[in-house]
Amino acid sequence: MARRPSCPATDARAHVVAAHPEQGWQLLCDGTIVFDDTGELRPDGLAVPPHRVHRVPGGHPAVAA
């Protein structure tokens, strides 16, 4: 998918062009689909797994990839 002129440069944050919170995803202007679980599907076909946060004893979050 070609980058749209209204989308910022690659070093800036892309903005949401379509949101479907009832389905748990958003489409960014650069063609990336971002899921509520923090996973992503990128326009080049790369799949980014979700970044899950787990609680450890004591209530502190521990990030697990």
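To start, this report covers the structure provided alongside it. The structure displayed is predicted, hence computed values, not measured ones. (Residues numbered from 1 in each chain as written. Predicted model: local features only at pLDDT ≥ 70, side-chain atom pairs only at ≥ 80, totals over all residues. Heavy atoms only, no water.)

## Considerations on the pairing of strand β2 (residues 25–28)
This is how it is decided: When DSSP locates at least two bridges between a pair of strands, those strands are taken to pair. Only DSSP runs of H or I reaching four residues or more are called helices, and only runs of E reaching two or more are called strands; each is numbered from the N terminus.
Bridge count for strand β1 (residues 16–20) against β2 is four bridges, and the pairing is antiparallel. Note on β2: the bridge partner recorded for Ala19 is Gln26. Where β1 folds back onto β2 in an antiparallel hairpin, the turn is made up of four residues, including Gly24, whose phi is positive at roughly 85 degrees. In terms of strand pairing, β2 meets strand β3 (residues 33–35) through three bridges, oriented antiparallel.

## Comments concerning unusual backbone geometry
Most of the time, phi is negative for any residue but glycine, and the peptide bond is trans. Definition in use: Only protein chains enter the accessibility calculation, which uses a 1.4 Å probe; a residue whose area is less than 20% of its type maximum is buried, one above 50% is exposed, and one in between is partly exposed.
Of note, the phi angle at Thr38 is positive, near 80 degrees, even though the residue is not glycine. Mapped onto the secondary structure, Thr38 falls in the loop between β3 and β4 (40–41). Note on Thr38: relative accessible area 34%, which makes it partly exposed.

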